[in-house]
Amino acid sequence: MSYAVGDTLPPFTIESVSPEAMKQWAIFLADPNPIHLDVEVVKAKGLGDRVINQGPANVAYMMNMLMRAFPGGRIKAMDSRFLDNVYGGDRATVTGTVTAIDGQVISCAFALDIDGRGTVNSGTATIEI
Amino acid sequence: MSDLDTLPPAPNAAGTSLDGTAVFTINAEENAALCRSTGIEPASDGTAHPIYYYIATQVAMGKTVAGVCEACEFDVDDGPMMGSSGVQFDAPLMVGASYKVTGEILSLIRKRSRKLGVMDVLTYRLRLHLLDGTQVLETDNVWVLPRKEFAA
């Protein structure tokens, strides 16, 4: 498979971010922060009216886009910025583009967008293919 | 004179060790559940989902999330927020492999933002090692700690 600077990578979509998955991630992360588990806590803190996805889960979505775009490739480095929350029920789509190619190492920029709200995470990565 | 000059300085947390004593092993069943929770199937080549860079280092570092906040004189119930996370892998993470963590707080810097008011920006670095000491990754995480007690 060949790549060129400016190529658009196939998007990766989560049709509906799952509150049940947030309960799993609380265990994976050993972090029972109730803003991920209890909507009443989210409301009480004035953070919205739906449970908030764990930030590392959002990073995992972005990694999934990269892994699907470069089958057999390996993420060498990745930087992610957290701009806003992802909530239960959100439709989340990761998009990306190739920004540089150096031999077998491809640099990409990517973003995680929520329908109706825009970009909530963004970042860059290098992939060894 | 900056308006920050009228505030007390951020706690001196830089240098706080985050070396862990726990061993983190990537469990095959958990890796499969994690992959499926994010919309993909687990890899068939023995590699774990790379997001374990964050999970393994957080779970096996020498302080809990609340403990890191405490080192910054910040109550975890006040809501630390992730600002950014970066990672550099030296090797892929493998299902069934066991790892340990070293690390430290790099800086805690007091700032003022229009959106959040006074906040401390925490940067800490963690390294994941095989049990023989071989480093497999290094990650820098930045958290924003909103200092509500300094709200105007």
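Up top is the structure.
Residues numbered from 1 in each chain as written. Chains lettered and ligands numbered in written order. Predicted model: local features only at pLDDT ≥ 70, side-chain atom pairs only at ≥ 80, totals over all residues. Heavy atoms only, no water.

### Overview of the overall build of chain A
Link 1 in the chain: For chain A, the helix and strand inventory stands at 3 helices and 5 strands.
Link 2 in the chain: Secondary structure elements in chain A, listed N-terminal to C-terminal, are β-α-α-α-β-β-β-β.
Link 3 in the chain: Each of the three principal axes of chain A carries a C-alpha extent, and together these read 50 × 30 × 20 Å.
Link 4 in the chain: Buried residues in chain A amount to 46% of all 129 residues.
Link 5 in the chain: Sequence-distant contacts in chain A: of pairs separated by 6 or more residues, those separated by 24 or more amount to 63%.
Link 6 in the chain: Just so you have it, chain A exposes about 5800 Å², and 53% of that area is on carbon and sulfur atoms.
Link 7 in the chain: Looking at charge distribution, chain A has the averaged site of its 10 positive side-chain charges lying 2 Å from that of its 14 negative ones. (Helix = DSSP H or I, 4+ residues; strand = E, 2+ residues; numbered from the N terminus. Buried < 20%, exposed > 50% of the residue type's maximum accessible area, 1.4 Å probe, protein only. Contact = heavy atoms within 4.5 Å. Areas by Shrake-Rupley, 256 points an atom, 1.4 Å probe, with all protein chains shown as cover. Lys, Arg positive; Asp, Glu negative; His and termini not counted. Charge placed at Lys NZ, Arg CZ, Asp CG, Glu CD.)

### Thoughts on the sheet that holds strand S2 (residues 81-89) of chain B
Link 1 in the chain: Read across the sheet, 10 strands follow the order S1(A)-S3(A)-S4(A)-S5(A)-S2(A)-S2(B)-S5(B)-S4(B)-S3(B)-S1(B) without closing on themselves; strand pairing throughout is antiparallel. Both edges of this open sheet fall to strand S1 (8-14) of chain A together with strand S1 (24-25) of chain B, since each of them pairs with a single strand only.
Link 2 in the chain: Across the face of the sheet, helix H3 (residues 55-69) of chain A comes into contact with S1, strand S2 (74-82), strand S3 (92-102), strand S4 (105-114) and strand S5 (118-128) of chain A together with S2 of chain B while running at roughly 140 degrees to S2(A). (Pairing = 2+ DSSP bridges. Axes fitted to C-alpha atoms, helices over the stretch in contact; angles between N-to-C directions.)

### Observations concerning the nonpolar core
Link 1 in the chain: Among the nonpolar cores identified, the biggest contains 74 residues, and A:Leu66, A:Met78, B:Ile51, B:Tyr53, B:Leu93 and B:Trp143 are the most heavily contacted of them.
Link 2 in the chain: Looking at this core, the element that brings in the most residues is H3(A), giving 9 residues.
Link 3 in the chain: Not counting residues within four places of it along the chain, the set of residues in contact with A:Met78 comprises A:Val59, A:Met62, A:Met63, A:Leu66, A:Phe110, A:Thr124, A:Ala125, B:Ser85, B:Gly86 and B:Val87.
Link 4 in the chain: Judged by nonpolar contacts, the second largest core, of 5 residues, contains A:Ile35, A:Val41, A:Ile52 and A:Tyr87. (Core = buried A, V, L, I, M, F, W, Y, C linked by side-chain atoms within 4.5 Å.)

### Regarding the environment of B:Tyr53
Link 1 in the chain: If you trace the backbone, B:Tyr53 turns up in helix H2 (residues 52-60).
Link 2 in the chain: Classification of B:Tyr53 by relative accessible area gives buried; the value is 1%.
Link 3 in the chain: It is 7.7 Å that separates the C-alpha atoms of B:Tyr53 and B:Leu128, two residues lying 75 residues apart in sequence.
Link 4 in the chain: When sequence neighbours within four positions are dropped, the list of residues in contact with B:Tyr53 reads A:Val59, A:Met63, B:Ser85, B:Gly86, B:Val87, B:Phe89, B:Leu93, B:Leu137 and B:Thr139.

### Digging into the layout of surface pockets
Link 1 in the chain: Here the largest pocket defines a volume of roughly 1400 Å³.
Link 2 in the chain: Along the wall of the largest pocket there are 46 residues; nearest its centre are A:Ile35, B:Gly79, B:Pro80, B:Met81 and B:Met82.
Link 3 in the chain: Of all the secondary structure elements, the ones that give two or more residues to the lining of the largest pocket are H3 of chain A together with H2, helix H3 (65-71), S2 and strand S5 (135-146) of chain B.
Link 4 in the chain: In this model, the second largest pocket occupies a volume close to 490 Å³.
Link 5 in the chain: Secondary-structure elements contributing two or more residues to the lining of the second largest pocket are H3 and S2 of chain A.
Link 6 in the chain: Residues of the lining of the second largest pocket, tallied by class, amount to 14 nonpolar, 5 polar and 4 charged. (1 Å grid on protein atoms, 1.4 Å probe; cavity = no way out; pocket = protein on both sides within 12 Å on 5 of 7 lines; lining within 4 Å. Points joined across faces, edges and corners; volume = space filled by probe spheres on them. Nonpolar A, V, L, I, M, F, W, Y, C, P; charged D, E, K, R; others polar.)

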